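# Overview (structure and organization)
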Amino acid sequence: MAAANEDEILEGFLCPICKADLKSATQLTNHFESLHQEEQDVLKSLKDIFGKAKKIILNNDDTELKETFDRALKFNSQEYYYPNEEQSIGVSRSSTDYFRGVRSARLERYATETNKLLIRLDKLVCNMPSEPNQRKAFEQEVVPWLDGSSVKLCPNCAKAFNLTRRKHHCRLCGSLLCHDCSVFLDLNVAKSIVDPSIPQTSTQPDQEVTEKNGLRLCEHCYNLIELRKQIQERRNAKTALVTAYEQMRSLMDQARPAVAMYEKMCQSLFDGETTYNLADVNAMRGKIGKLAEGIDLLSKQVVAHPAEPGTRQARLQNSIRQAAAHYIKEDLLSLRKLPTEAQIEEVRIERYERAQKQIQLERERRERERDWREEVSASGSRLEHADIDENNPLIEQMNIIRGYIKDARKELRFEEVAILEANLKELKKEYQLQMLSHKP
């Protein structure tokens, strides 16, 4: 073993005479012809060996290629027969748990990073100073900036920083980037992202978002914020079915007070009041008819929305259509008929006669009160206040309440009329008691 280890093992194209390594067969042949011409028999044997080896290699390659080509032709020409037999289910393995684990970890990582950026964005947007010169110091205080003294290249585009290509920082992660790799987020859009209740108002289409009206971000942070914005928009987006239903509900909300107002206007005409005329009531009836048409059209759109038969959605859409049809039939189309001009005139004449009788009774009441006051004054009775007519506070209050009653009747506030009438009766009783207490 020791002798074997001492002998050096040579490999390659070796000269059989001088043991020189010639690296290739051509060099070995040339070397043997130039230095060992006397050994022609050995040279001839070497050429024969190389020729035979080359021939064997080439013949084997051609044979293999021919066999491969023949097999390909045979495969293409054969027609395979597949029996119509149901293949039995083999061994299966569920990868759902593995998928959920990988997906949860990935979502958690992105959610954590996005929430961190949203917290920083909220601080930047909500507490941003109004002075532009104080903004940079504030941004550095909220998000620490990386020290770029040793950074020579932009991490995104790998271009060198110089006098024309300055170093900038992302306002959310503090990383370095150049101006060409910066992305600016509009401040109005940022406010709508951190607070969805604020309506989104972006800049004008022809106005470019710059560092003055936006935040400088890197591409990674901008993509995460943009993804969060798209998720919010998808959540708040309404389908055609929801939009049609909400419009239908809005028309129903408009129809309810319109119907109540129509009933009040009709009652006013039947009572002979002159607050409304027949043209006004007809206009209100036409408005209610248009609302009914809109509700009917939208309910048909709801029920026509594609849905699987027998599903919960299909049943819900049919219920909405039935409820809308019942509402139109019972509340909007069953309105009270309007009176004719002759009926209105007859009612007004009767009302005028009742008013004249009421005026006559009021005059007679005032005359009796005046006669009673004259009788009291003639009998020598004295009241604490010298003037008991217009200067009496109770009379002034009663006159004021009568004016309120008149205004309330004009505006059809009948609940106020009832309350004021009750107050007027109480004042009248108090006045009568006051007059009786001073009677001799």
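Residues numbered from 1 in each chain as written. Predicted model: local features only at pLDDT ≥ 70, side-chain atom pairs only at ≥ 80, totals over all residues. Heavy atoms only, no water.

Here we take up the overall build of the protein. A tally of helices and strands in the protein yields 13 helices and four strands. Relative to its full complement of 440 residues, the protein shows a buried share of 25%. Split by element, the accessible area of the protein, about 32,600 Å² in all, is 52% carbon and sulfur. (Helix = DSSP H or I, 4+ residues; strand = E, 2+ residues; numbered from the N terminus. Buried < 20%, exposed > 50% of the residue type's maximum accessible area, 1.4 Å probe, protein only. Areas by Shrake-Rupley, 256 points an atom, 1.4 Å probe, with all protein chains shown as cover.)

Attention shifts here to the nonpolar core. Residues Met248, Tyr262, Ile288, Ile295 and Leu332 are the most contacted members of the largest nonpolar core, which totals 29 residues. Elements supplying a minimum of two residues to this core: helix H8 (240-270), helix H9 (278-304) and helix H10 (312-332). The element best represented in this core is H8, accounting for twelve residues. Beyond its immediate stretch of four places on either side in the chain, isoleucine 288 contacts Ala258, Val259, Tyr262, Leu332 and Leu335. One finds Leu124, Phe138, Val189 and Cys218 within the second-largest nonpolar core, a separate group that totals 24 residues. (Core = buried A, V, L, I, M, F, W, Y, C linked by side-chain atoms within 4.5 Å. Contact = heavy atoms within 4.5 Å.)

Now for unusual backbone geometry. In terms of backbone geometry, most residues other than glycine have negative phi values and most peptide bonds are trans. For alanine 158, which is not glycine, the phi torsion reads 65 degrees and is therefore positive. Within the secondary structure, alanine 158 is located in the loop between helix H5 (132-142) and strand S1 (168-169).

Negative charge collects at one region of the surface, where Glu364, Glu367, Asp371 and Glu374 lie side by side. For glutamate 367, the position within the fold is in helix H11 (residues 341-378). (Patch = residues over 30% accessible without salt bridge, like charges linked within 9 Å, V, L, I, M, F, W, Y side chains within 5 Å. Salt bridge = Lys/Arg side-chain N within 4 Å of Asp/Glu carboxyl O. Lys, Arg positive; Asp, Glu negative; His and termini not counted. Charge placed at Lys NZ, Arg CZ, Asp CG, Glu CD.)

As a further point, take H8. Relative to the 45 Å expected for 31 residues at 1.5 Å per residue, H8 spans 45 Å between its end C-alpha atoms, a close match to the ideal helical length. Residue glycine 272 follows H8 closely and has a positive phi angle near 85 degrees. (Expected span 1.5 Å × (residues − 1).)

Here helix H7 (residues 219-236) spans 25 Å end to end across 18 residues, near enough to the 26 Å set by a 1.5 Å rise per residue. Buried within H7 are the following residues: Cys221, Leu224, Ile225, Lys229 and Gln232. Buried residues along H7 cover an arc of 135 degrees about the axis, so they all sit on one side. Those residues of H7 that are buried lie in contact with helix H4 (96-126), strand S3 (183-186) and helix H6 (187-194). (Arc of directions from axis to C-beta.)

The interhelical angle for the contact between H8 and H10, taken along N-to-C directions, is 20 degrees, at an axis separation of 12 Å. It follows from the interaxial angle that H8 and H10 lie roughly parallel. Between H8 and H10 lies a crossing whose hand is left-handed. Facing H8, whose interface residues are Leu241, Tyr245, Met248, Met252, Ala255, Arg256 and Val259, H10 presents Gln313, Gln317, Ile320, Ala324, Tyr327, Asp331 and Leu332. Across the contact of H8 with H10, the residue classes break down as ten nonpolar, two polar and two charged. (Axes fitted to C-alpha atoms, helices over the stretch in contact; angles between N-to-C directions. Parallel < 35°, antiparallel > 145°, perpendicular 65-115°, else oblique. Left-handed = near helix turned anticlockwise from the far one by under 90°. Nonpolar A, V, L, I, M, F, W, Y, C, P; charged D, E, K, R; others polar.)

The subject of this paragraph is the environment of glutamate 350. One can find glutamate 350 in helix H11. Distance in space between the C-alpha atoms of glutamate 350 and glycine 272 is 8.0 Å, their sequence separation being 78 residues.

In this description, an aromatic ring pair is defined by two values, namely the gap between the centres and the angle between the planes. Under the counting rule described, the total for this entry stands at zero aromatic pairs. One residue, arginine 109, lies across the ring of tyrosine 110, its end atom 4.6 Å from the ring centre. (Phe/Tyr/Trp six-rings, centres within 6.5 Å; stacked < 30°, edge-to-face > 60°. Lys NZ or Arg CZ within 6 Å of the ring centre and 35° of its normal.)

Here we come to the UniProt feature "coiled-coil region" (unreviewed entry) in the protein. Those places that UniProt annotates as "coiled-coil region" (unreviewed entry) correspond, in this numbering, to residues 342-369 and 405-437. Between the C-alpha atoms that bound residues 342-369 there is a distance of 41 Å. The span itself is 100% helix and 0% strand. (UniProt positions renumbered as here; feature names shortened; annotations may be inferred.)

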